[in-house]
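The primary structure of each chain is shown beneath.
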Amino acid sequence: MNTPRTPLSPPIVLTFAASDPSGGAGVQADLMTLSANGCHALTVITALTVQDTIGIDSVLAIDSEWVEEQARALLEDMAVDAFKIGLLGSTDNIEAIARILSDYPDLPLVLAPVLLAEEEEHEDDLLGALTDLLLPRSDLLIVSPFVARHLVQEEESAPLDLEARLTRWSSQLASLGAEDLLITGEQAATREVIHHLYHAGKLVRRDSWPRPPERIRGSDDLLAAALTAQIAHGTPLEEAVYQAGHYARYALEAAYRPGMGACTPWRLPAPPEGESVPAD
């Protein structure tokens, strides 16, 4: 039985993700981003990683029973407003999370899957479980062009017009159950960062801003967590995409370098529109 919510309680978001000890992505980054956007974050760890600001060295998936037990304990104690899913770690974890979600069909789910080179030998199984069990349950799918291409199982080919490829992928993903889809632009080879929001395979919103000059880790995680926070607050989807994008732009423009590798987004609350970001 959940504890009753008090009038001043913030929305509660449960995130399934890997632990990133560098704080650049994963549950550590989700905690900061969700808090900065006015939510109380609950975390279920799906995998442990050895990584720093340069990159990932290794990944150890958590036993699926532990994943399920973590989530069940939290959900029996607190009333959650939204789910966010990132790196899943294994097909067993996908199956466990799908079982949990089936008990909470009315709670919004933001699915922002992470695909790693370390998972390549298990990729077909992971993609199959992801598209069969989680993608149709998602209320919003957030992917980079790289992940979108893998989800529709399209082989790498000669470069084509990016907008045409995104439109084709959005239709294919809609047919798999992802009616609302955001294809992010941080990892695309474009001069600007451009985000495309689709509904039922049709473009409904396009946002763009100048690309930061430095490499930044965790940008897609940041946007997905900020969007989940907006959804947990009850913000309509198009407005949620706008508000989360404003926060993400601010966070990336104010990114800093804590180590010898990539920069990390500045995850404090975004200023009102028109105000400047912190100086370096």
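Residues numbered from 1 in each chain as written. Predicted model: local features only at pLDDT ≥ 70, side-chain atom pairs only at ≥ 80, totals over all residues. Heavy atoms only, no water.

**Q** Could you give me a rundown of the overall build of the chain, with the residues and numbers involved?
**A** From N to C terminus, the chain includes 8 helices and 9 strands. With the C-alpha coordinates of the chain rotated into their principal frame, the extents come out at 50 × 45 × 40 Å. For the chain, the share of sequence-separated contacts (at least 6 apart) that also reach a separation of at least 24 residues comes to 67%. Just so you have it, the chain exposes about 13,100 Å², and 53% of that area is on carbon and sulfur atoms. Taking the 18 positively charged and 43 negatively charged side chains of the chain as two groups, their mean positions are separated by 7 Å. (Helix = DSSP H or I, 4+ residues; strand = E, 2+ residues; numbered from the N terminus. Contact = heavy atoms within 4.5 Å. Areas by Shrake-Rupley, 256 points an atom, 1.4 Å probe, with all protein chains shown as cover. Lys, Arg positive; Asp, Glu negative; His and termini not counted. Charge placed at Lys NZ, Arg CZ, Asp CG, Glu CD.)

**Q** Describe the pattern of salt bridges, and please don't skip the residues or the numbers.
**A** Between side chains of opposite charge, a pair can form as their charged atoms come close. Taken as a whole and assessed by the stated rule, the structure comprises 12 salt bridges. Across the salt bridge formed by Arg217 and Asp20, the nearest N and O atoms sit 3.7 Å from each other. Note that Arg217 is positioned in the loop between β9 (202-210) and α7 (219-232) and Asp20 in the loop between β1 (12-19) and α1 (26-36), a separation of 197 residues in sequence. A single burial state applies to Arg217 and to Asp20, both of which are buried. Between Lys84 and Asp30 there is a salt bridge, with its nearest N and O atoms 3.1 Å apart. Placement of Lys84 in strand β4 (residues 82-85) and of Asp30 in helix α1 is noted, with a sequence separation of 54 residues between them. Its relative accessible area of 1% is what places Lys84 among the buried residues. Three or more residues joined by partner-sharing salt bridges are found here, namely Glu68, Arg72, Arg99 and Asp103. (Salt bridge = Lys/Arg side-chain N within 4 Å of Asp/Glu carboxyl O. Buried < 20%, exposed > 50% of the residue type's maximum accessible area, 1.4 Å probe, protein only.)

**Q** If you had to explain the pairing of β4 to someone new, which residues and values would you point to?
**A** Of the two faces of β4, the one carrying Ala82 and Lys84 and the one carrying Phe83 and Ile85 are both buried. Here 4 bridges tie β1 to β4, and the two strands are oriented parallel to one another. When the sheet's bridge partners are listed, Thr15 is paired in β4 with Lys84. As judged from the 3 bridges shared by β4 and strand β5 (residues 109-111), these two strands associate in the parallel manner. Following the sheet pairing, Ile85 is matched in β5 by Leu111. This β-α-β element, β4 to helix α3 (residues 91-102) to β5, shows right-handed connectivity. (Pairing = 2+ DSSP bridges. Right-handed = clockwise from strand over helix to strand, strands pointing away.)

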